[in-house]
Amino acid sequence: MVPWAVRCCLATVRWLPVVFITAVVAWSYYAYVIQLCIITVESVPEKIIYLLLYHPFLILFAWSYWKTIFADPSPVPKQFYLSDSDVQRFQTAENEEAQRQILAKMARERDLPVQCRTVTGAYRYCEKCKMIKPDRAHHCSVCGTCILKMDHHCPWVNNCVCFNTYKFFVIFLGYGLLYCIYVSLTVLKYFIQFWSGGAGQGMGRFHILFLFFTAAMFAISLASLFGYHCYLSSQNRSTLESFRPPIFRSGPDKNGFSLGARANFQEVFGDNKKTWFLPMFTSFGDGVTYPTRTVDDDSDQLLGQRQRWAEEGDVNSPSDPNLTTFPSESRSSQVQLLFEQ
């Protein structure tokens, strides 16, 4: 057990990157508004235009950063956790096969919507949290718990990028990039003047020089990171899934959750265009169940039997009298009905 004092020190240290970013943004505000716009820029219309365009970028950037930091990580529902008796039975099982059977029985009894498996075909189990992992959930060693649709733990926001925070994180990167590009472009003219020694004296000159270097440097870093997460969003894939594809009963499939670029985008940003680029939670789903493009072999075989019976007009199957057919419905509708049962 980690001592209380050590835990407090670690918690404090984890906030240092956030404090650093906040300090840089606060200094950039002083350098841009005071040193550049008020002191350096002589044209009044230019001052007004710069300030009017600057503040919306800053507000959206700060708003999305705040939401990314303070939005609660996605907790796993209680029904996925094993009871004390189940944990005892699981840990005292004779072998791995017996443990697999315990997890499978529990998943069936609780009707857990779990499609992903381990390499051996077993349900994914977290030894630390004592729970069956939902699809796309992973254990975060920093947060100390399993997180729904975990992408990664980001030290710059001191939070998990996951189901509840992924949209905030992506638009935080986007607005951070726009903020840095805007500052770089508007400062460039004065940076060249100061660098060549043609204008400016005192500390204000150094504020503007460093402002340009800082904004340009952050813009380069954010451009690559933002582009990468735009790609992941278009593929409906997390950072962890890009390195280790999810495993279904039919095998590993890195595109198993991909439904097409438009559907993938809407799964993260929602279907309301007015809120797409605002730091408001609009993602689809509950973080536990996800539509997939993967159809397991058993389900596909059962669907084929239903389709054959429908075509032959044989409503009652001799092998399973509980199954019914849907002669007037399309195959896609049958797939939906099949997985809802």
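Now for a description of the structure that goes with this document. Remember, it's a predicted structure, so these values are computed and weren't measured experimentally.

### Thoughts on the overall build of the chain
So, point 1. Each helix and strand counted, the chain has eleven helices and eight strands in total.
So, point 2. Evaluated residue by residue, the chain yields a buried proportion of 43% over its 341 residues.
So, point 3. In the chain, of all internal contacts separated by at least 6 residues, the share reaching a separation of at least 24 is 62%.
So, point 4. When the accessible surface of the chain is totalled, it reaches about 18,800 Å², and 62% of it is carbon and sulfur.

### Regarding the packing of aromatic side chains
So, point 1. By the definition in use, this model includes 24 aromatic pairs.
So, point 2. Between Tyr-32 and Tyr-182, the aromatic rings sit 6.1 Å apart at their centres with planes inclined by 45 degrees, giving tilted as the arrangement. With Tyr-32 in helix α2 (residues 16-40) and Tyr-182 in helix α6 (residues 166-195), this residue pair connects regions lying 150 residues apart in the sequence.
So, point 3. Tyr-182 sits in the buried class, given a relative accessible area of 11%.
So, point 4. Between the aromatic rings of Tyr-65 and Phe-172, the centroid separation amounts to 4.8 Å while the plane-to-plane angle is 20 degrees, which identifies the pairing as stacked. In this pair, Tyr-65 sits in helix α3 (residues 44-70) while Phe-172 sits in helix α6, placing the two residues 107 residues apart along the sequence.
So, point 5. Among the residues examined, Tyr-65 registers a relative accessible area of 7% and is labelled buried.
So, point 6. Note on Phe-172: relative accessible area 9%, which makes it buried.
So, point 7. An aromatic cluster is defined as three or more aromatic residues linked by ring pairs; in this entry it consists of Tyr-29, Tyr-32, Tyr-54, Phe-57, Phe-61, Tyr-65, Phe-169, Phe-172, Tyr-179 and Tyr-182.
So, point 8. The ring of Phe-257 carries Arg-136 above its face, with NZ or CZ at 4.3 Å from the centroid.

### Quick word on the pattern of salt bridges
So, point 1. Scanning all chains against the criterion turns up eight salt bridges.
So, point 2. Here Arg-89 ties to Asp-86 by a salt bridge, and the two come within 3.1 Å at their closest N and O atoms. Taken together, the residues span about one helical turn, with Arg-89 and Asp-86 both in helix α4 (residues 84-91) at a distance of three residues.
So, point 3. With a relative accessible area of 41%, Arg-89 lands in the partly exposed category.

### Points about a nonpolar patch on the surface
So, point 1. A cluster of nonpolar residues, Trp-195, Met-203, Phe-206, Phe-210 and Phe-213, forms a patch on the protein surface that exposes about 620 Å² of accessible area.
So, point 2. For the nonpolar patch, the element with the highest residue contribution is helix α7 (residues 203-235), accounting for four residues.
So, point 3. One can find Phe-210 in helix α7.

### Let's talk about the state of the cysteines
So, point 1. Across all of its chains, the model carries zero disulfides by this definition.
So, point 2. In this model Cys-162 remains outside any disulfide bridge; the closest cysteine sulfur is found in Cys-160, 5.8 Å from its own.
So, point 3. Classification of Cys-162 as buried rests on a relative accessible area of 1%.

### Points about the packing of α2 against α6
So, point 1. Between α2 and α6, the shortest axis-to-axis distance is 12 Å and the interhelical angle comes to 45 degrees. The orientation of α2 with respect to α6, classified from their angle, is oblique. Of the two possible hands of crossing, α2 and α6 adopt the one that is left-handed. Touching Val-25, Ser-28, Tyr-29, Tyr-32, Leu-36 and Thr-40 of α2 are Tyr-179, Tyr-182, Val-183, Thr-186, Val-187, Tyr-190 and Phe-194, all from α6.
So, point 2. For the contact of α2 with α6, a count of residues per class yields ten nonpolar, three polar and no charged.

### Some remarks on the side chain of Asn-158
So, point 1. By the secondary structure assignment, Asn-158 is in the loop between β5 (152-154) and β6 (159-161).
So, point 2. Judged by relative accessible area, which is 16%, Asn-158 ranks as buried.
So, point 3. Sequence-distant contacts of Asn-158, that is, excluding residues within four places in its chain, are made with Arg-14, Trp-15, Val-18 and His-153.

About the thresholds
- Residues numbered from 1 in each chain as written.
- Predicted model: local features only at pLDDT ≥ 70, side-chain atom pairs only at ≥ 80, totals over all residues.
- Heavy atoms only, no water.
- Helix = DSSP H or I, 4+ residues; strand = E, 2+ residues; numbered from the N terminus.
- Buried < 20%, exposed > 50% of the residue type's maximum accessible area, 1.4 Å probe, protein only.
- Contact = heavy atoms within 4.5 Å.
- Areas by Shrake-Rupley, 256 points an atom, 1.4 Å probe, with all protein chains shown as cover.
- Phe/Tyr/Trp six-rings, centres within 6.5 Å; stacked < 30°, edge-to-face > 60°.
- Lys NZ or Arg CZ within 6 Å of the ring centre and 35° of its normal.
- Salt bridge = Lys/Arg side-chain N within 4 Å of Asp/Glu carboxyl O.
- Patch = residues over 30% accessible without salt bridge, like charges linked within 9 Å, V, L, I, M, F, W, Y side chains within 5 Å.
- Disulfide = S-S within 2.5 Å.
- Axes fitted to C-alpha atoms, helices over the stretch in contact; angles between N-to-C directions.
- Parallel < 35°, antiparallel > 145°, perpendicular 65-115°, else oblique.
- Left-handed = near helix turned anticlockwise from the far one by under 90°.
- Nonpolar A, V, L, I, M, F, W, Y, C, P; charged D, E, K, R; others polar.

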